[in-house]
Amino acid sequence: MLISILRSDNLNYNEDKIKYYLNNILSIPSPSGFTEKIMDYIKKELGILNVPYIVTNKGAVIATLKGENNDYQRTLTAHVDTLGAMVKKINPSGSLSLDPIGGYMMNSIEGENCTIETIDCNSIKGKSFTGTIQSIKPSVHISGDDARELKRIPENMEIILDEKISTKKEVEDLGLSVGDFICFDARTIFTEKGFVKSRHLDDKASVAILLYTIKYILESGIKLPYTTNIFISNYEEVGHGASASIPEKTKEFVSVDMGCPGLDQNSSEYSVCICAKDSSGPYDLELRKRLTQICKKEKIDYKIDVYPHYGSDASAALRAGWDIKAALIGAGIFASHGYERTHMDSILNTLNLIIKYCFQK
Ligand SMILES: [Zn+2]
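No experiment lies behind these values; they were computed from the predicted model shown. (Residues numbered from 1 in each chain as written. Predicted model: local features only at pLDDT ≥ 70, side-chain atom pairs only at ≥ 80, totals over all residues. Heavy atoms only, no water.)

1. Description of the nonpolar core
Now for step 1: I25, L76, I329, I347 and L353 are the most contacted members of the largest nonpolar core, which totals 75 residues.
Now for step 2: In terms of residue count, the dominant contributor to this core is helix α7 (residues 201-220) (eleven residues).
Now for step 3: Ignoring anything within four residues of it in the chain, the contact list for I329 reads V254, S255, V256, D257, V272, C273, I274, L291, L353 and I354.
Now for step 4: Formed by 21 residues, the second largest nonpolar core is a distinct cluster that contains L83, M106, I159 and F184. (Core = buried A, V, L, I, M, F, W, Y, C linked by side-chain atoms within 4.5 Å. Buried < 20%, exposed > 50% of the residue type's maximum accessible area, 1.4 Å probe, protein only. Helix = DSSP H or I, 4+ residues; strand = E, 2+ residues; numbered from the N terminus. Contact = heavy atoms within 4.5 Å.)

Here it is as structure tokens:
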């Protein structure tokens, strides 16, 4: 019953357009440190929406929607950078050793296809090569229980390139080197029943939501009560995404990032998840209450949760010394930092809360 009420309430949101943004964003690889191409896409979409934005020295993009009150500003952020890896060593056999970017389990990337992006100092774009991430004992027919019991740590993983090579020199001759970026295949699937399965829904689902938020607010023709900035950050997975360059007049800072449904958690793949506390401590109680009240009033399906092993761009901003009221909300992403899943209900509930918050006086 609740779902049907929510569905009808969300009917004025164009689900296809949200999926369009999400699919595009998921299809452009963007591990932290390699986000130029995805930022070009974000800038292109902001250009189409005709919204002013600035680019920070770190490469983040901040769009601004002017409101009635320009002295008390709100900033909503989502990060477009993802997990990934970097080539650490080219092995004598021609395989590549890797060093992770961001925090994840090695078994979550074992057997995954990937693209290695080489760095060309004279050009924006290097060359791309494909490969597969394997353990160094990938076959039970060869290694038996040793293959099963091998500890999945970076030192025991390697990339097998889709090239007819068998020496380090052949790999170097192709143009690959230490420091090249490794991007995991996202494997994005939208199912008929509304699920979205993909790597990097953290936090690309939120970036798609915020892009759509800008479009929706502009098309509504209604002026916001407060100037509202949309901060697309690009170093969250390595801890310092929104630690700088927050618009000076920001009083309320809402990090739109995933919720974590799963074992012993209150979060859900169908609701908007409001984080009360994570490893960085409690979020601002007054702002949390206000967001919760909006959910109650607007009949938005929500869950409040506590994440002991989580930090967000709002935590990064607080730690950097910003005097802001910080909150963390987002869609529930199952199996976070693995092959993730959420449902469009969760995305629409998060969108609905954000839109209602932006318009709240
Ligand atoms: Zn995230």
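The discussion continues.
2. Brief notes about the pattern of salt bridges
Now for step 1: If you walk through the whole model with that rule in mind, you get 17 salt bridges.
Now for step 2: Across the pair D173 and K169 runs a salt bridge, and its minimum N-O distance is 2.8 Å. Residue D173 and its partner K169 are both found in helix α6 (residues 168-174); the two are separated by four residues, about one turn of the helix. With respect to class, D173 is no different from K169; both count as exposed.
Now for step 3: Residue K215 is joined to E219 by a salt bridge in which the shortest nitrogen-to-oxygen separation is 2.7 Å. Here E219 and K215 lie together in helix α7, a separation of four residues that amounts to about one turn.
Now for step 4: On the accessibility criterion, E219 (58% relative accessible area) is exposed.
Now for step 5: The network of salt bridges with common partners includes R74, E252, D284, E286, R290 and K325. (Salt bridge = Lys/Arg side-chain N within 4 Å of Asp/Glu carboxyl O.)

3. Considering the coordination of the zinc ion
Now for step 1: Here the zinc ion is held by H79 (NE2), D202 (OD), D257 (OD) and D257 (OD), and the distances to it run 1.9 to 2.6 Å.
Now for step 2: With four donor atoms in place around the zinc ion and angles of 51 to 138° between them, the coordination shape is irregular.
Now for step 3: One chain supplies every donor for the zinc ion, spaced along it as H-x122-D-x54-D. One end of the pair, H79, is in strand β3 (residues 67-79); the other, D202, is in helix α7, with 123 residues separating them in the sequence. Both residues of the pair, H79 and D202, belong to the buried class. (Donors = N, O, S within 2.8 Å, 3.2 Å for Na, K, Ca; no water. Tetrahedral: all angles 85-135°; square planar, octahedral: opposite > 155°, others 65-115°.)

4. Observations regarding the pairing of strand β8 (residues 157-161)
Now for step 1: Among the five residues in β8, four count as buried, and that is most of the element.
Now for step 2: In this sheet, β8 lies alongside strand β7 (residues 128-135) in antiparallel orientation, the contact comprising five bridges. In the sheet register, T132 faces β8, and the bridge partner there is I160. (Pairing = 2+ DSSP bridges.)

5. Re the packing of aromatic side chains
Now for step 1: This model, assessed by the stated rule, comprises nine aromatic pairs.
Now for step 2: Judged by centre distance (5.1 Å) and plane angle (65°), the rings of Y13 and Y216 are edge-to-face. Placement of the pair is Y13 in the loop between α1 (2-9) and α2 (15-26) and Y216 in helix α7, with a sequence separation of 203 residues.
Now for step 3: Note on Y13: relative accessible area 6%, which makes it buried. (Phe/Tyr/Trp six-rings, centres within 6.5 Å; stacked < 30°, edge-to-face > 60°.)

6. Things to note about the confidence of the model for the protein
Now for step 1: Considering every residue of the protein, the mean pLDDT works out to 95; 97% of them sit at 70 or more.
Now for step 2: Here residues 1-8 scores under 50 on pLDDT; set against residues more than four positions off or in separate chains, the count is twelve contacts. (pLDDT = per-residue confidence, 0-100.)

7. Quick word on the side chain of S135
Now for step 1: With respect to the helices and strands, S135 occurs in strand β7.
Now for step 2: Not counting residues up to four positions away in its chain, the partners in contact with S135 are E110, L150, R152, N156, M157 and E158.

8. Some details on the side chain of T228
Now for step 1: Turning to its location among the elements, T228 is positioned in strand β12 (residues 224-233).
Now for step 2: Residue T228 is classed as buried on the basis of its relative accessible area, which comes to 0%.
Now for step 3: At a separation of 2.9 Å, a polar atom in the side chain of T228 contacts the main-chain carbonyl oxygen of Y226.
Now for step 4: With residues near it in sequence (within four places) discarded, T228 still touches A63, T64, L65, R74, L76 and C358. (Polar contact = N/O pair within 3.5 Å; in protein donor to acceptor, adjacent residues only side chain to side chain.)

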